[in-house]
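# Secondary and tertiary structure notes
Read off the chains here:
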Amino acid sequence: MDKNEGFPLIEVDRVEILTVIDNYVDLLLANTDTVTRPPLANKGGLPSDTLLAEHGLSLLVTVYKGEEKHTILFDAGYSPVGVLHNMAQLGINTERLDAIVISHGHMDHTGGLYGILDGTPMRVPLVLHPDVFLFPRYFGLDDGRRLLFPRCVDRDKLKLRKVDVLESRAPTTLFDDMILVTGEIERVTGFEKGLPNALLERNGKTEQDPITDDQGLVINLKGKGLVIISGCSHAGIVNTVLFAKQITGIERIHGILGGFHLTGPFFEQIIEETINELRGMEPQVLVPMHCTGWKAIQRFEEEFPSSFVLNSVGSTFTLS
């Protein structure tokens, strides 16, 4: 595909994004025109169980066009417990899933995958970048130690489950061009430099891990523009949005949701540059999640008072 040629992406009438799991849960948040919070009570009483939060992300994304609708699960959280527990609490049946998309191979986005697949009654497409399978991967510490990332996605284990693995480095569309999976994101900004100290072993040698498997979702909302959903934005949230605009040929941005990875001393240095770039894109809905970090989330609320929405587990964002 010519990088200047717009990737086909048809308009949809409505997008719903349900937060199955994220780092934060607050059962007392109020509804708005954009977001519906889970009910505090059920049949006149408070429930005996509750939604769980963990350092992970999983989103149920549904697109509607006329009488047609399609639902995907974007990422699978960290633990084998959290996503499945919350799906039961929220009444999400795995029969609803038309596909699963993995943003990248880290444990906080893949940890519940096998449990989800084990509970899926029919074969389901699993869309991922081939570098999801890279192993071993490490996080290097300043004192020279290397922390090994768990191997959460394994080809042999997937062969034992009802799943059709679709590997692609390039952009891929689902459901007759209703949802675009970005594939490998081009990195053009000068300040988004990826995860420091991320390492991998390849051919017996240790090298920097650029986390090239990082990818997101793009949806074209009728009359409003692009809705962009990121997992961790290891490629950079600004790079992710710029790439979505480039490959679709659509300039207008309606919503940006997901992990922006601006937490910790290294990334807090680029919060203001990120805000400056996103301000020029004028998103109407801005929902930083997961690895964005408290300091960055606070700044987004200050700088985008009309579009910012605080995420919480069980929240449903309706864009139409």
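Let us look at the structure shown here. This structure is a prediction, so every number in the text was calculated from the model and none was measured. (Residues numbered from 1 in each chain as written. Predicted model: local features only at pLDDT ≥ 70, side-chain atom pairs only at ≥ 80, totals over all residues. Heavy atoms only, no water.)

### With respect to the nonpolar core
A general tendency of soluble globular proteins is for nonpolar side chains to be buried together. One finds I256, L278 and F300 to be the most contacted residues of the largest nonpolar core, which totals 34 residues. Those elements giving two or more residues to this core turn out to be β16 (225–230), α5 (237–248), β17 (253–259), α7 (271–281) and α8 (294–303). Examining the composition of this core, we find that six residues originate from one element, α5, more than from any other. Among the nonpolar cores identified, the runner-up in size contains 30 residues, and I17, F74, V309 and F317 belong to it. (Core = buried A, V, L, I, M, F, W, Y, C linked by side-chain atoms within 4.5 Å. Buried < 20%, exposed > 50% of the residue type's maximum accessible area, 1.4 Å probe, protein only. Helix = DSSP H or I, 4+ residues; strand = E, 2+ residues; numbered from the N terminus.)

### Some thoughts on the packing of aromatic side chains
As enumerated under the stated definition, the model contains three aromatic pairs in all. Judged by centre distance (5.5 Å) and plane angle (80 degrees), the rings of F260 and F300 are edge-to-face. Highlighted residues: F260 in the loop between β17 and α6 (265–268) and F300 in helix α8, separated in sequence by 40 residues. On the accessibility criterion, F260 (2% relative accessible area) is buried. Each ring, one from F300 and one from F304, has its centre 6.0 Å from the other, and the planes form 35 degrees; the classification is tilted. Clustering of aromatic rings is evident, with ring pairs tying together F260, F300 and F304. Above the plane of the ring of F133 lies R155, whose end atom (NZ or CZ) is 4.0 Å from the centre. (Phe/Tyr/Trp six-rings, centres within 6.5 Å; stacked < 30°, edge-to-face > 60°. Lys NZ or Arg CZ within 6 Å of the ring centre and 35° of its normal.)

### Brief notes about helix α1 (residues 82–90)
Inspection of α1 places G82, V83, H85, N86 and M87 among the buried residues, and these make up the whole buried set. Residues of α1 that are buried sit in contact with β2 (14–21), β4 (58–65) and α3 (113–118). (Contact = heavy atoms within 4.5 Å.)

### Some points on the sheet that holds strand β8 (residues 137–140)
One open sheet accounts for four strands, arranged β9-β8-β13-β14; its pairing is antiparallel. Either end of the sheet is taken by a strand with one partner, and the two such strands are β9 (146–148) and β14 (205–208). Strand after strand, the sheet turns through a mean of 35 degrees between neighbouring axes, direction not considered. Pairing of β8 with β9, which is carried by three bridges, proceeds in the antiparallel orientation. Counterpart to G140 in the pairing with β9 is R146. (Pairing = 2+ DSSP bridges. Axes fitted to C-alpha atoms, helices over the stretch in contact; angles between N-to-C directions.)

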